[in-house]
Amino acid sequence: PYVLTDRGIFRYEQVTYPMEERGLQFGDGVYEVVRLYRGTYVWLREHLDRLYRSAAAIRLSVPFGCEELIEQLEELRRLNDVQEDAILYLQMTRGSFPRNHAFPAENRPNLYAYIQPMARKTEEMTHGVRTILTKDVRWEYCYIKSLNLLPNVLAKQEAVERGAFEAILHRDGVVTEGSSSNIFLVKNETVYTHPATARILNGIVRTKVKQFCAELGIPFVEEAFSTNDLREADELFLTSTTSAIIPIIQVDETVIRSGAPGAVTKALQAAYRQATQRETQN
Ligand code: PMP
């Protein structure tokens, strides 16, 4: 396989980083995960726009433009001859320099990106998943897709150890988002989700769900809800690039309604399928 770096495209085995990599030592960088369906990038521009916004938010200036990056990523896809469902992982750090918390004098970011096969989560999408609630202990800049994922890692591990698919995070009883997803609640045919403040990552799929709701005439309310509201919900679902739209059928010990995916969730899943099919036909 081939890897895209700031110095060009190399074979996987040729890419190594020094110990003094700011991404490793400080988590000083940002990243993106982009979906490919049958070898085609989905919503690539939206992801790269967010990458540039994340970079600006940590005062990292990207030494190349979006168009150039897109060309390189298309080349990476061609070289790897990707035909199947996959994801692109892309990360950019403040570079490799002698260890020092303060920024290096020189702007020399490290970039790497690679594509890895990843099947759709068909089973989860069809039957729904179980979740747990856990405290959101993250910092105040969750809108930045930064490499600092330790709280997310710990939350996800807790979910896995309790036999759940995802950990739903809350601050003093207010639901923010999942450890690697956005969380939605359906009540009386209305979709609710946490507003896109600094408390959450504004997911690309989240912004698409907002569009689908507008197209389908489903009221979409960006208003935070509580952990108690979760238990009273008609439907719950989560979204992310790797998960698409997945119904949530249980939170801790509480089964949501009948434990089966609801009608609004299914309608949004259908809209997602149509939208991604359109994207991959061009
Ligand atoms: N929130 C967090 C904390 C995430 O890690 C992710 C996945 N990257 C999301 C939300 C969903 O974002 P997206 O739809 O862009 O994948």
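Residues numbered from 1 in each chain as written. Predicted model: local features only at pLDDT ≥ 70, side-chain atom pairs only at ≥ 80, totals over all residues.

As recorded in an unreviewed UniProt entry, the chain goes by the name D-alanine aminotransferase, listed as coming from Geobacillus zalihae. Looking at the chain in UniProt, the text filed under Subunit (unreviewed entry) is "Homodimer." On record in UniProt, under Catalytic activity (unreviewed entry), the comment for the chain is "D-alanine + 2-oxoglutarate = D-glutamate + pyruvate". (UniProt positions renumbered as here; feature names shortened; annotations may be inferred.)

Asker: Can you break down the nonpolar core residue by residue, with the values?
Answerer: Most often, soluble globular proteins keep nonpolar side chains buried together rather than apart. Of all hydrophobic cores here, the largest spans 37 residues; its most connected members are I168, F184, L185, L236, F237, I246 and I248. Among the elements of the structure, β7 (129–135), α5 (150–161), β8 (166–171), β10 (182–187), α6 (204–216), β13 (235–240), β14 (244–251) and α8 (263–281) are those that each provide at least two residues to this core. Each residue touching F184, except ones within four places of it in the same chain, is listed here: V191, Y192, T193, V209, L236, F237 and T239. Counting 23 residues, the second-largest nonpolar core is a separate cluster that includes V30, L69, L73 and A113. (Core = buried A, V, L, I, M, F, W, Y, C linked by C-beta atoms within 7 Å. Buried ≥ 20, exposed ≤ 12 C-beta atoms within 10 Å, placed from the backbone. Helix = DSSP H or I, 4+ residues; strand = E, 2+ residues; numbered from the N terminus. Contact = placed C-beta atoms within 7 Å.)

Asker: Tell me about the environment of P261, and name the residues and values.
Answerer: Here P261 lies in the loop between β15 (254–255) and α8. Sequence spacing of P261 and G128 is 133 residues, and the spatial spacing of their C-alpha atoms is 6.2 Å. Apart from residues no more than four positions distant in its own chain, P261 is found in contact with G128, P247 and K266.

Asker: So, the site of the ligand: which residues are in play, and what are the values?
Answerer: L201, G203, I204, V205 and T241 are the nearest of the 14 residues found near the ligand. Secondary structure elements with two or more residues in the shell around the ligand: α6 and β13. Looking at which element gives the most residues to the shell around the ligand, the answer is α6, with three residues. Of the residues assigned to the shell around the ligand, the class counts are four nonpolar, eight polar and two charged. (Near = placed C-beta within 6 Å. Nonpolar A, V, L, I, M, F, W, Y, C, P; charged D, E, K, R; others polar.)

Asker: Could you give me a rundown of the pairing of strand β2 (residues 8–11), with the residues and numbers involved?
Answerer: For strand β1 (residues 2–5) and β2, the ladder comprises four bridges, and the chain directions are antiparallel. Within β2, the position partnered with V3 by the bridge is F10. Taken together, β1 and the strand that follows it, β2, pair antiparallel across an intervening segment of two residues. (Pairing = 2+ DSSP bridges.)

Asker: Outline the pairing of strand β11 (residues 190–193), supporting the account with residue identities and numerical values.
Answerer: Burial of the side chains of β11 is restricted to one face: V191 and T193 are buried, whereas none of T190 and Y192 on the reverse face is. For β10 and β11, the ladder comprises four bridges, and the chain directions are antiparallel. Its bridge partner lying in β11, V186 is registered against V191. The hairpin turn running from β10 into β11, its antiparallel successor, is two residues long, and N188 in that turn takes a positive phi close to 50°. As paired elements, β11 and strand β12 (residues 220–222) share three bridges and run parallel to each other.

Asker: Can you explain the domain arrangement of the chain? Please cite residues and give values.
Answerer: Partitioning the chain into structural domains gives domain 1 (2–117) and domain 2 (122–281). Once you take the C-alpha centre of each, domain 1 and domain 2 turn out to be 26 Å apart. Each side of the interface is counted separately: domain 1 has 22 residues, and domain 2 has 12 residues. Mapped onto the side of domain 1 that touches domain 2, the elements with two or more residues apiece are β3 (29–37), β4 (40–42), α2 (44–57) and β5 (86–93). (Domains from an automatic or database assignment.)

Asker: Account for the sheet that holds β5, with residues named and values stated.
Answerer: The sheet built from six strands is open, its strands ordered β2-β1-β6-β5-β3-β4 with antiparallel pairing. Each end of this open sheet is capped by a strand with a single partner; those strands are β2 and β4. For this sheet the average axis-to-axis angle between neighbouring strands, irrespective of direction, equals 30°. Relative to strand β6 (residues 110–117), β5 runs antiparallel, the two sharing eight bridges. Directly across from A86, in β6, lies its bridge partner P117. (Axes fitted to C-alpha atoms, helices over the stretch in contact; angles between N-to-C directions.)

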